[in-house]
Amino acid sequence: MKQKNLMFTVLAIAITGQVSIAQSKENIYKKGWIDFNKNGIMDVYENPKEPTEKRVWNLVSLMNLDEKTCQMATLYGFKRVLKDSLPTPNWKNEIWKDGIANIDEQLNGVGLLTSNGRNAVVSKNLIYPFSNHAEAINKTQKWFIEETRLGIPVDFTNEGIHGLNHTKATPLPAPIGIGSTWNKDLVLKAGQIAGREAKALGYTNVYAPILDLSRDPRWGRVLETYGEDPFLVGALGTQMVKGIQSQGVASTLKHYAIYSVPKGGRDGNARTDPHVNPRELHEIHLYPFKKVIQEAQPMGVMSSYNDWNGEPVSASHYFLTQLLRWEYGFKGYVVSDSEAVEFIYTKHQIAPTYQDGVRQVVEAGLNVRTHFTPPKDYILPLRNLVNEGKLSMKLVDERVAEVLRVKFRLGLFDTPYVADPKVADAIVGADKNKDFVLDIQKQSLVLLKNEGNLLPLDKTKIKKILVTGPLAAEENYMVSRYGPQELKNTTVLDGIKEYLGKDVAVDYAKGCDAVDANFPESELINFPLTTKEQSDIDQAVFLAKQNDIIIVALGEDEKTTGESKSRTGLDLPGRQQLLLEALYATGKPVVLVLINGQPLTINWAQKFVPSILEAWFPSHQGGKAIAETLFGDYNPGGKLTVTFPKSMGQIELNFPYKLGSHNTQGNEGPNGFGKTSVNGALYPFGYGLSYTTFSYSNLKVTPTKLNSQAEIKVAVNVTNTGKRAGDEVVQLYISDKNASVVTYDSVLRGFERVNLQPGETKTVNFTLQPSDLMLLDKNMKWTVEPGDFDIKVGSSSEDIKLKERITILP
């Protein structure tokens, strides 16, 4: 009997680890706390009543090297890198058996498999219904808490630049469209929706907003930015971060920094090589990041894979530590853009080995590496560096602490699970926010031209309409790996048909493809039309002659603009210009609807086509929003956030710009004169028309003489002088009239979108802070210099209605 008991004891000892873990899993969830390390004792890091700093450093002190390095890498989600949709027994053999910093894009519907030529979403049952996804995230989180030694929860990250990147979630227009709303309250609400949906689905960190500035319109990712102006991007970015983080999830800013101005507009495989001087670096490109970090305290920043002045940003102590943490006060963690770490060795070639590149990024201030390869590719070199004495454990501890600090701020050590997965079914989805989706879509529309008040169209006076163009029945621009998918999209054609019903007959002809067979070489060489191309144009013209009005949807689709899709021309691609000219030649009224992701040099259209509506890349209700706007149910009030050049030869042409840099050619004087270039913008920054008119009056600026640290109050009356209700975006600009260095001609420092009924007047108020008047002086120090400043209020950067001069006293 004793021998039998002894044998049993030996067997129990042999499997003690397994038995104790099984017992611990049942008992780790205590009243008010969780026993993450399963030792039966409330350690400091497990105690919700302890200060966050004590909890962070207590946990770090308990971690071994393997556990620390696992908190410095991303595991891309199912079908990206992760092969399993849910935890499996084999995970005990994977490197994340010791934990992981974050899992990105887990089960969001983006991983697609091709089956019989069609896209089929993998693990669809775990993506939708939404409650299934929340339960799947809980199961994955449960594995990390219960099956790893210290039970450190995972940060589940996901993209969200125009709505949460999850199947059937609530979509937004492309960011360039969001920017064109100029509506801070609307962007705040958009962030709240994205954050709320993320929280309900189990995501704890949203990769948004993008704070890059679209200074070069050739760049393919212009559509993913809010615009070209640092103040506007900073103001809207602040609202988006506040909205997202108000829901208890993190917001991670993209892409820090100077990512959006690649040499010659080239991206993709090209080294970006931004040509930006130090003053422009700080006053333009870093301005939004500094503003958003200081005003909204985002918990994440994504470091970009480009260099500046020969130093890769992701390996730069100056960018990731000195500026980001010491000067701006960032207190979150820095995750790399995909392959940014690898580029230190492969593209930038400033490291003799990949492992040395890993050392450089950690010493610079990078916390978490992200790439579409297994996390061990980064974690193992990290361990080697420490074991070889090439990377200090103290520094690793600091990087890990910065990650853990965010996890504590998110409450992952107190409430790591989605409390009620069924809630997701009730609050997530485009159908739950359809009114908001339509509203933000409408507010993003910009009326570029309306000669003779052709718009809005009166359907009672029209019998037949031709809808034509390669973008009229296309929907691919509404779908993106950075936004929701699998929604029922309303194309321009569908929207018009649904709006008109049986009241007006609608014809359709595609007219041409978005690009021709020789694109993009056809932007350089005038290839003859093929028989089919000529036939398609002829068919559209034939139908146009039988209709009362022509609505033509032209521009770009998702294949012609986007990430790694920078262009070498900005004209309408393919045969679209020929189609437009042929339609115009019929003598029928033409309305041009632009679907595009970047400014286009539509000079011919601006000169000859009566009405032009800019729609950017709308979301799934885009066709409905466009139809209601064309026929007057909605009065467009959006404004451009990027300058439209007339020619590629003018680039760069953007706002703000240095004094005199946009001047025209002289026509007299000792240096002669010239008539060799086309000057001025096709459409300036801040431009946008309405179906009504507005007047400005009674500008009041107080005080007009002040010391450098005083606030300035600005008030102006705006009146709707037309016959329709409408929105006006009131814009405030400042010009420094006598500075110690060359300044910008003017800078945006305030804006408000206001709705006015016919005849209604509203007073719009602004408060300017000392920081709004600051510049970098000769010693590169931020200061408010004494002297005169013009306070200007208007409807665009070039349509200034009123101004008042103030003086900063010495």
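Predicted model, so just to flag it, every value in this text is computed and none were measured.

Peer 1: Whenever I open this one, the environment of Y477 confuses me. Can you help?
Peer 2: Turning to its location among the elements, Y477 is positioned in the loop between β15 (464-468) and α18 (492-500). Judged by relative accessible area, which is 4%, Y477 ranks as buried. Through-space distance from the C-alpha of Y477 to that of S180 is 17 Å; in sequence the pair is 297 residues apart. Within the local environment of Y477, its side chain forms a polar contact with the backbone oxygen of E474, the two atoms lying 3.3 Å apart.

Peer 1: Even after reading the chapter, I still don't get the sheet that holds strand β17 (residues 549-555), so can you show me in this structure?
Peer 2: If you trace the six strands from one edge of the open sheet to the other, you get β14-β19-β18-β17-β15-β16, paired in mixed fashion. Only two strands of the sheet have a single partner each, and these edge strands are β14 (446-450) and β16 (505-509). The sheet shows a mean angle of 20° between the axes of neighbouring strands, direction not considered. Here five bridges tie β15 to β16, and the two strands are oriented parallel to one another.

Peer 1: What is the right way to look at the pairing of strand β29 (residues 800-808) in this model?
Peer 2: For a regular strand, side chains alternate in direction, first toward one face of the sheet and then toward the other. Sheet topology places strand β21 (residues 705-706) next to β29; two bridges connect them, and they run parallel. Directly across from K705, in β29, lies its bridge partner T807. The pairing of strand β28 (residues 787-794) with β29 spans eight bridges and is antiparallel. Opposite I791, over in β29, you have E804 as the bridge partner. Joining the antiparallel neighbours β28 and β29 is a turn of five residues.

Peer 1: Quick question: what am I supposed to make of the pairing of strand β8 (residues 205-210) here?
Peer 2: Burial runs high along β8: six of the six residues are buried. Note: strand β7 (residues 155-159) against β8, three bridges, orientation parallel. Across the sheet, the residue bridging to E159 is Y207, located in β8. Note: β8 against strand β9 (residues 250-256), four bridges, orientation parallel. Bridge assignment links N205 to a residue of β9, and that residue is A250.

Peer 1: So what exactly am I meant to see when it comes to α18 here?
Peer 2: Note: α-helices contain 3.6 residues per turn, so residues at a spacing of three or four share the same orientation. For α18, every residue scored as buried is listed here: V492, L493, G495, I496, Y499 and L500. What you see down the axis of α18 is that its buried residues fit within an arc of 165°, all on one side. Contact partners of the buried residues in α18: β15, β16, β17, β18 (590-595) and α22 (622-630). Just downstream of α18, G501 is the residue with a positive phi angle, here 60°.

Peer 1: When you look at the confidence of the model for the chain in this model, what are you seeing that I'm missing?
Peer 2: Looking at the chain, pLDDT values average 94 and 95% of them are 70 or higher. Taken together, the stretch residues 1-23 has pLDDT below 50 and engages in two contacts with residues farther than four places along the chain or on a different chain.

Peer 1: I keep staring at the side chain of K254 and nothing clicks. Help me out?
Peer 2: By the element assignment, K254 lies in strand β9. Of the residues examined, K254 reaches a relative accessible area of 1% and is grouped as buried. A polar contact of 2.7 Å, which involves the side chain of K254, links it to the side chain of E159. Here K254 is in contact with E159, I161, Y207, P209, I210, L211, D212, F289, M302 and Y482, once residues within four sequence places are set aside.

Peer 1: For this particular structure, what's the right way to read the side chain of R55?
Peer 2: Within the secondary structure, R55 is located in helix α3 (residues 52-62). With a relative accessible area of 3%, R55 lands in the buried category. Side-chain polar atoms of R55 contact the side chain of D414, separated by 3.0 Å. Setting aside its immediate chain neighbours within four residues, R55 contacts V44, Y45, E46, N47, P48, E50, F408, F413 and D414.

Peer 1: Would you mind showing me how to read the pattern of salt bridges here?
Peer 2: A side chain with one charge can pair with a side chain of the opposite charge if their charged atoms come near. Per the stated rule, a full pass over the model turns up 43 salt bridges. For the salt bridge of K124 with E486, the shortest nitrogen-to-oxygen distance reads 3.7 Å. With K124 in the loop between β6 (118-121) and α5 (130-147) and E486 in the loop between β15 and α18, the pair connects residues that are 362 residues apart, well separated along the chain. We classify E486 as partly exposed; its relative accessible area is 31%. Here E451 and K449 are joined by a salt bridge, their closest N and O atoms 3.9 Å apart. Each of R221, E224 and E563 takes part in salt bridges that share partners, so that together they form one network.

What counts, and where the lines are drawn
In this numbering scheme, every chain counts its residues from 1 along its sequence in written order. At least 70 in pLDDT is required for a residue's local features to be given in this predicted model, at least 80 for side-chain atom pairs to be given and counted, and no such filter applies to totals for whole chains, interfaces and linings, which use all residues. Only heavy atoms go into the side-chain values, all of them from the structure, while hydrogens and water stay out. Starting at the N terminus, helices and strands are each numbered in turn, a helix being any DSSP run of H or I of at least four residues and a strand any DSSP run of E of at least two. Each residue's exposure class comes from its accessible area (1.4 Å probe, protein chains only) as a fraction of the maximum for that residue type: buried when under 20%, exposed when over 50%, partly exposed otherwise. Here a polar contact is taken to be a pair of N or O atoms separated by no more than 3.5 Å, where protein atoms must pair a possible hydrogen donor with a possible acceptor and residues adjacent in sequence count only if both atoms sit in side chains. In short, DSSP must find at least two bridges between two strands for them to pair. The axes are straight lines fitted to the C-alpha atoms, using for helices just the contacting stretch, and the angles between their N-to-C directions are given from 0 to 180°. Here the arc refers to the directions that run from the helix axis out to each C-beta atom. A contact between two residues is defined here by any heavy atoms of the two lying within 4.5 Å. Predictor confidence is given residue by residue as pLDDT, running from a minimum of 0 to a maximum of 100. Salt bridge criterion: a side-chain nitrogen from Lys or Arg within 4 Å of a carboxyl oxygen from Asp or Glu.

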